[in-house]
Each structure stands twice: as C-alpha cells, then as structure tokens.
Amino acid sequence: MELIIPEKVQAEIDRFAQQDVYLHLETTNGAYASHYNETFLSAGAYIRNALIRYEHGKIVGNGPYRVGLKLGIGWVYGEGLTHFEIAGEDRLLLAGHDSEGKLAVALELSKTPFE
C-alpha cells in the first residue's frame with residue numbers, strides 16, 4: 001500500500017459509483033490488546049460483503065482522510081485513512097494505520113465478494 005493520493009482515490013471512488021459493489025469496513029482501537037490492560041475499553045466494528053450502491057462518494061481532509069459514500073437512504077464513511085491500493089479493475093483498498101503501523105480502519109470496495 002502507498003500513502004493516499006487524494007486525486008487517485010477520488011477517481012476510483014467515482015469509478016465504483018452507481019453500481020452494485022461489495023463493502024468491507026472494519027475499525028479497531030486495539031481489541032486484541034485489552035488483555036494487557038483491563039481498564040482499556042476496546043471497540044471496533046466489522047462488516048464484510050455488504051452489497052451496496054452509492055450515488056457518489058468523496059475523500060476529504062489533509063491526512064488522515066475521511067471517505068464518505070452517499071447511499072440512497074444514508075451514508076457510509078470511514079475516517080483515519082492513510083494508505084491505499086488499487087487492486088486491478090475490481091478493488092479499491094483503503095486503510096488507516098496508527099503511528100506504530102497497526103491497522104486502525106479499513107474501507108474496501110470490490111466488484112466481487114471478499115473471501
């Protein structure tokens with residue numbers, strides 16, 4: 001993955017708009033680390049292979065970035081994004097890594113289901 005280049009990511013967001021795509025969205029603040037500190041509240045969210053169709057999307061910020069996707073009845077968004085990868089014609093992968101390089105958020109779009 002490489003650091004986000006907003007113009008490249010925006011072009012990919014636009015390319016996936018107005019069609020059925022699979023969404024993977026995941027966040028974590030260290031859910032697997034709570035056993036080191038019992039007072040630490042670990043939180044996260046995970047959705048994989050949700051079939052969505054968004055009207056339009058936008059990347060905003062100066063880094064870390066936020067990506068929002070406007071659905072017919074609401075929004076999906078991920079923030080804290082730092083890196084991206086265009087995986088062929090079928091996938092856009094976005095990730096946010098913390099200062100230690102650990103994954104904090106992932107937002108991925110695909111024309112085919114994720115395995």
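Preceding block: the structure.
Calculation notes
- Residues numbered from 1 in each chain as written.
- Predicted model: local features only at pLDDT ≥ 70, side-chain atom pairs only at ≥ 80, totals over all residues.
- Heavy atoms only, no water.
- Phe/Tyr/Trp six-rings, centres within 6.5 Å; stacked < 30°, edge-to-face > 60°.
- Lys NZ or Arg CZ within 6 Å of the ring centre and 35° of its normal.
- Salt bridge = Lys/Arg side-chain N within 4 Å of Asp/Glu carboxyl O.
- Helix = DSSP H or I, 4+ residues; strand = E, 2+ residues; numbered from the N terminus.
- Buried < 20%, exposed > 50% of the residue type's maximum accessible area, 1.4 Å probe, protein only.
- Arc of directions from axis to C-beta.
- Contact = heavy atoms within 4.5 Å.

We now examine the packing of aromatic side chains. Aromatic rings in a pair are described by how distant their centres are and how their planes are angled relative to each other. Going through the model one piece at a time under the given rule, you end up with 0 aromatic pairs. Taking the ring centre of Phe16 as reference, the NZ or CZ of Arg15 above it sits at 4.6 Å.

Before going further, it helps to spend a moment on the pattern of salt bridges. Going through the model one piece at a time under the given rule, you end up with 4 salt bridges. Two residues, Arg15 and Glu89, come together in a salt bridge whose shortest N-O distance is 3.7 Å. Here Arg15, found in helix H1 (residues 6-16), pairs with Glu89, found in the loop between strand S7 (83-87) and strand S8 (91-97); they are 74 residues apart in sequence, far enough to count as distant. The exposure class of Glu89 is exposed, given its relative accessible area of 57%. Residue Glu100 pairs with Lys102 through a salt bridge whose shortest N-O separation is 3.2 Å. Its relative accessible area of 59% is what places Glu100 among the exposed residues. Overlapping salt bridges bring together Glu12, Arg15 and Glu89 as one network.

Glancing now at H1. Of all the positions in H1, only Val9, Gln10, Glu12, Ile13 and Phe16 are classed as buried. Buried residues along H1 cover an arc of 160 degrees about the axis, so they all sit on one side. On its buried side, H1 packs onto strand S2 (21-28), strand S4 (54-60), strand S5 (65-71), S7, S8 and strand S9 (103-110). Directly after H1, the chain includes Gln18, whose backbone phi takes a positive value near 65 degrees.

This part is about unusual backbone geometry. Going from Gly63 to Pro64, the amide bond is cis rather than trans, its omega being -5 degrees. Mapped onto the elements, Pro64 comes out in the loop between S4 and S5. The phi dihedral of Gln18 falls on the positive side, at around 65 degrees, and the residue is not glycine. Assignment of secondary structure puts Gln18 in the loop between H1 and S2. The residue Asn49 is not glycine, and still its phi comes out positive at about 65 degrees.

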